[in-house]
Amino acid sequence: MIAKKFQSLKRIFFMSLSAAAFLMITACAAKEEVQHNPELLLGFSQLGTESAWRSGNSADIEKKAEENGVSLMLENANRKQENQIAAIRRFIAYQVDVIAFSPIVEEGWDNVLSEAKEAGIPVILVDRDINTKKEGLISCHIGADFYSEGVMAGEYLIRKADELGKDSLRIVEISGTEDSTPMRQRQAGFMDTIADDERMNVIESVNGDFLKSRGAECMRYLMEKYGTDIDVVFSHNDEMTLGALPEIEKAGAVPGEDIIIISIDGGQEAIDVLKAGKINCVVECTPMLGQELMDTAKKLKAGEEVEAVIHPVEKYFSDEMDLSGLPPRGY
Ligand code: GZL
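Conventions adopted
Residues numbered from 1 in each chain as written. Predicted model: local features only at pLDDT ≥ 70, side-chain atom pairs only at ≥ 80, totals over all residues. Heavy atoms only, no water. Pairing = 2+ DSSP bridges. Helix = DSSP H or I, 4+ residues; strand = E, 2+ residues; numbered from the N terminus. Axes fitted to C-alpha atoms, helices over the stretch in contact; angles between N-to-C directions. Contact = heavy atoms within 4.5 Å. Polar contact = N/O pair within 3.5 Å; in protein donor to acceptor, adjacent residues only side chain to side chain. Near = heavy atom within 4 Å. Areas by Shrake-Rupley, 256 points an atom, 1.4 Å probe, with all protein chains shown as cover. Nonpolar A, V, L, I, M, F, W, Y, C, P; charged D, E, K, R; others polar. Domains from an automatic or database assignment.

K.L.:
Explain the sheet that holds strand S12 (residues 316–318) here, please?
P.N.:
Sheet strands pair via backbone hydrogen bonds, and the direction of the pair is either parallel or antiparallel. Strand order in this open sheet of six strands is S7-S6-S8-S9-S10-S12, and the pairing throughout is mixed. The sheet is open, and its two edges are formed by strand S7 (200–207) and S12, each paired on a single side. Strand-to-strand twist across the sheet, computed as the mean angle between neighbouring axes with direction ignored, equals 15°. Bridge count between strand S6 (residues 169–175) and strand S8 (residues 232–235): four bridges; the pairing is parallel.

Have a look at this one:
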């Protein structure tokens with residue numbers, strides 16, 4: 001009887017010993033896990049909330065920060081460069097691990113980025129680029145190849161002119177924020193692509209600052225000035241395009257038929273209008289840059305090498321293709 005009791009006590013002892021050992025090993029592994037992925041504090045200066053593209057970009061960055069266990073300090077600059085510079089200075093004072101920002105314009109960043117470099121904080125550009133002669137201010141640029149977006153727009157127009165048998169096309173351009181990378185590069189890509197095609201005649205370029213309201217104002221002005229003499233509108237983003245369309249209709253013209261409409265961004269609203277036949281071509285510019293940003297920030301925190309430039313793969317959508325199976329755009 002005693003022997004039996006002793007046996008069962010011994011079994012309970014060894015079972016609790018192995019349970020304790022299991023718990024300790026698990027706890028150490030978890031601790032190891034935490035040590036291996038220390039908290040990453042990322043300061044991000046977003047330029048504004050001017051478009052569905054911008055809102056989609058911010059939402060994706062917030063979502064990916066959450067999913068990747070990154071602590072995100074996101075500040076909205078309300079489209080003022082001085083607000084972005086102030087935010088970057090706050091991030092430096094706060095000693096964040098990595099700074100990221102989408103520069104509203106290309107020039108004017110050398111001083112504040114030199115301060116970040118002196119503080120030993122790496123900087124990632126998201127979306128737009130900067131223009132600087134100084135070395136070593138930026139660790140990585142994650143953003144579209146805006147020039148190729150302009151090229152895709154120009155190539156579409158050349159195909160459209162061939163399809164319609166046009167021997168001349170009068171083009172107006174509604175451009176984005178002055179001195180921003182997308183404005184400069186989309187314009188350059190488009191103009192370079194059509195430059196040798198004698199049918200193409202750019203009659204005026206006006207600036208809509210990527211805003212819907214300004215796009216409407218620009219189109220109202222252009223319709224009053226040129227009316228039915230306009231054959232093509234090349235607009236640097238969907239917001240301005242969506243603002244322009246009602247102005248074309250108010251003037252008695254049919255967008256997508258009387259006037260060829262080419263836009264850039266590729267948000268859901270523009271794709272829906274493309275499917276309805278009021279826009280002829282939408283070039284994609286994805287705002288979903290959050291995962292690349294988190295991956296790159298983690299590598300920089302860990303002292304690993306990163307690519308200098310990361311371009312997302314982008315395409316275009318047009319009235320040349322069947323869009324019925326297109327999945328939701330997410331922005
Ligand atoms: C492009 C981005 C532009 C979008 C606009 O990457 O910088 O800014 O095309 C947005 O919609 O305002």
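Okay, back to it.
K.L.:
Can you walk me through unusual backbone geometry in this structure?
P.N.:
Most peptide bonds are trans, and most residues other than glycine sit at a negative phi. Of note, the phi angle at Arg79 is positive, near 60°, even though the residue is not glycine. Its location among the elements puts Arg79 in the loop between strand S2 (70–76) and helix H3 (81–94).

K.L.:
How should the environment of Asp231 be read in this particular structure?
P.N.:
You can see Asp231 is positioned in the loop between helix H7 (212–226) and S8. Measuring from C-alpha to C-alpha, the distance between Asp231 and Ile261 comes to 8.8 Å, with 30 residues separating the pair along the chain. Not counting residues up to four positions away in its chain, the partners in contact with Asp231 are Ser168, Leu169, Arg170, Asp258, Ile259 and Ile260. Polar side-chain contacts of Asp231 include one of 2.7 Å to the backbone nitrogen of Arg170.

K.L.:
What exactly am I supposed to notice about the environment of Asn237 here?
P.N.:
Note that Asn237 resides in the loop between S8 and helix H8 (238–250). Each C-alpha atom of the pair Asn237 and Ser51 lies 8.8 Å from the other, and the pair is 186 residues apart in sequence. When residues no more than four places from it in sequence are discounted, the contact partners of Asn237 are Ser51, Arg186, Phe210, Ser263, Ile264 and Asp265.

K.L.:
What should I look at first to understand the sheet that holds strand S1 (residues 40–46) in this one?
P.N.:
Strand order across the open sheet formed by six strands is S2-S1-S3-S4-S5-S11, with parallel pairing between neighbours. Lying at the two open borders of the sheet, with one neighbouring strand each, are S2 and strand S11 (309–310). Looking at chain direction, S1 and strand S3 (residues 98–101) are connected through four bridges and run parallel. Following the sheet pairing, Ser45 is matched in S3 by Phe101. Packing against the sheet, helix H2 (residues 52–67) makes contact with S1, S2 and strand S4 (123–126), and its axis sits at approximately 160° to S2.

K.L.:
What is the right way to read the site of the ligand from this model?
P.N.:
Neighbouring the ligand are 13 residues; Glu50, Asp127, Arg128, Arg186 and Asp265 lie closest to it. Arg186 places a polar side-chain atom, nitrogen or oxygen, 2.9 Å from an oxygen atom of the ligand. Burial of the ligand by the surrounding chains reaches 100%, relative to a free accessible area of 320 Å². For the shell around the ligand, the elements supplying multiple residues, two or more each, are H2 and helix H6 (181–194). Residues belonging to the shell around the ligand are distributed by class as follows: five nonpolar, two polar and six charged. Each of two domains, domain 1 (38–144 + 287–313) and domain 2 (146–285), supplies a minimum of three residues to the shell around the ligand.

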